[in-house]
Amino acid sequence: MHVFMGGTFDPVHSGHLQGAREVCQLLGTDSIYLLPAKVPVHKTAPHTSTAARLAMLEIAIEPFPEIHLDLREVRSSAASYTIDTLKQLRAELGAQSPLIMVIGMDSFSTLPSWRGHRQFLSLCHIIVLQRPNYQLAQSPEHHSLMQQQADNSDELKASSAGKLLFYQQSPLNISASEIRQQLQKSLTPELLPSAVADYIKQHQLYKSMLAAT
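A brief report on the enclosed structure follows. (Residues numbered from 1 in each chain as written. Predicted model: local features only at pLDDT ≥ 70, side-chain atom pairs only at ≥ 80, totals over all residues. Heavy atoms only, no water.)

This next bit is on the overall build of the protein. Looking only at helices and strands, one finds 9 helices and 6 strands in the protein. Split into buried and exposed, the 213 residues of the protein put 48% on the buried side. In the protein, the proportion of contacts linking residues at least 24 apart, taken out of those at least 6 apart, comes to 75%. As displayed, the protein has an accessible area near 10500 Å², and 48% of this comes from carbon and sulfur atoms. (Helix = DSSP H or I, 4+ residues; strand = E, 2+ residues; numbered from the N terminus. Buried < 20%, exposed > 50% of the residue type's maximum accessible area, 1.4 Å probe, protein only. Contact = heavy atoms within 4.5 Å. Areas by Shrake-Rupley, 256 points an atom, 1.4 Å probe, with all protein chains shown as cover.)

Structure follows, in structure tokens:
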């Protein structure tokens, strides 16, 4: 079984780390990979350099031996398309091993606009981390995906791909855009790992950036 969570991690925060650790517990695995994007296609460009985002990730995961980094996208010269990454991972794992992609509700809401999204469940399972009070406006594509909804994590472990599972992680109502806004105001966000906050302060990150809307 291979489990990964993609994103820009701009910056990585406690919500990412908690979600990753809870997914490990849910699936009974001792390994999950954070897979940072270099050139995200469905979001605005990162507010910091790739090197800074990777440095913050390395600092953040140091206390958690179950969390690893997969740098395949940042090492690629091409834009980060999830469908390409899924195909690479499936080729590496073979046809039988479960491949599980973890995404947030905000990403799930935009999934129908992602390149090759109709192939995703033929390549992997998807776990969606639900956020408190998040209302999803379902499209026909969402409705089609939800026809493959699993009742529990055992269904994901029993096959290589094809299931969608919603998981309500412990409440942490936080987003990277809110953190950037607070950092611009010289505030230290409560849910930013202290070592990451120290790195941001030392390198004066996010000060001159326009906060994401």
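From this point, things continue past the structure.
Helix length check: helix 2 (residues 50-61) (12 residues) gives 17 Å between terminal C-alpha atoms against 16 Å at 1.5 Å per residue, within 8%. Along helix 2, the residues classified as buried are A52, R53, L54, A55, M56, L57, A60 and I61. For helix 2, the elements touching its buried residues are helix 1 (14-27), strand 2 (32-36), strand 3 (67-69) and helix 9 (194-203). (Expected span 1.5 Å × (residues − 1).)

Strands sit in the order 3-2-1-4-5-6 across an open sheet of 6 strands; the sheet is parallel. Strands with a single pairing partner mark the edges of an open sheet, and in this sheet they are strand 3 and strand 6 (164-168). Going across the sheet, the axis of each strand differs from the next one's by a mean of 30 degrees, ignoring polarity. Pairing geometry for strand 4 (residues 99-104) and strand 5 (residues 125-130), over 5 bridges, is parallel. Note that in strand 5 the partner of V102 across the bridge is I127. Across the face of the sheet, helix 3 (residues 82-93) comes into contact with strand 1 (2-7), strand 2 and strand 4 while running at roughly 155 degrees to strand 4. (Pairing = 2+ DSSP bridges. Axes fitted to C-alpha atoms, helices over the stretch in contact; angles between N-to-C directions.)

Right, let's get into the side chain of S153. With respect to the element layout, S153 can be found in the loop between helix 6 (140-146) and helix 7 (154-157). What makes S153 buried here is its relative accessible area of 10%. Of note is the side chain of S153, whose polar atom sits 3.3 Å from the backbone oxygen of L26. Contact partners of S153, with chain neighbours within four places excluded, come to L26, L27 and L165. (Polar contact = N/O pair within 3.5 Å; in protein donor to acceptor, adjacent residues only side chain to side chain.)

Turning to helix 3, a few remarks are in order. If you check helix 3, its first and last C-alpha atoms are 16 Å apart, about what 12 residues at 1.5 Å a residue would give, namely 16 Å. Taken together, the buried positions of helix 3 are occupied by T82, I83, T85, L86, L89 and R90. Down the axis of helix 3, the buried set is contained in an arc of 160 degrees. They therefore lie on one face. Along helix 3, the residues that are exposed and aim more than 90 degrees away from the buried face are A91 and E92. Residues of helix 3 that are buried sit in contact with strand 1, strand 2, strand 4 and helix 5 (120-123). Phi turns positive, to about 90 degrees, at G94, one or two residues after helix 3. (Arc of directions from axis to C-beta.)

Here we come to the packing of aromatic side chains. In this structure the tally under the stated criterion is 2 aromatic pairs. Residues F108 and F166 carry aromatic rings whose centres are separated by 5.4 Å and whose planes lie at 90 degrees to one another, so their mutual orientation is edge-to-face. Remark: F166 occurs in strand 6 and F108 occurs in helix 4 (residues 105-110); sequence separation between them is 58 residues. The buried category is assigned to F108, whose relative accessible area is 0%. Summarising the aromatic geometry, the rings of W114 and F120 are spaced 6.1 Å apart at their centres and angled 65 degrees between planes, so their arrangement reads as edge-to-face. Summarising the burial analysis for this pair, W114 and F120 share the class buried. The ring of Y81 is capped by R115, whose NZ or CZ atom sits 3.7 Å from the centre of that ring. (Phe/Tyr/Trp six-rings, centres within 6.5 Å; stacked < 30°, edge-to-face > 60°. Lys NZ or Arg CZ within 6 Å of the ring centre and 35° of its normal.)

Spatial relationships are all this shows, so hold off on functional conclusions.
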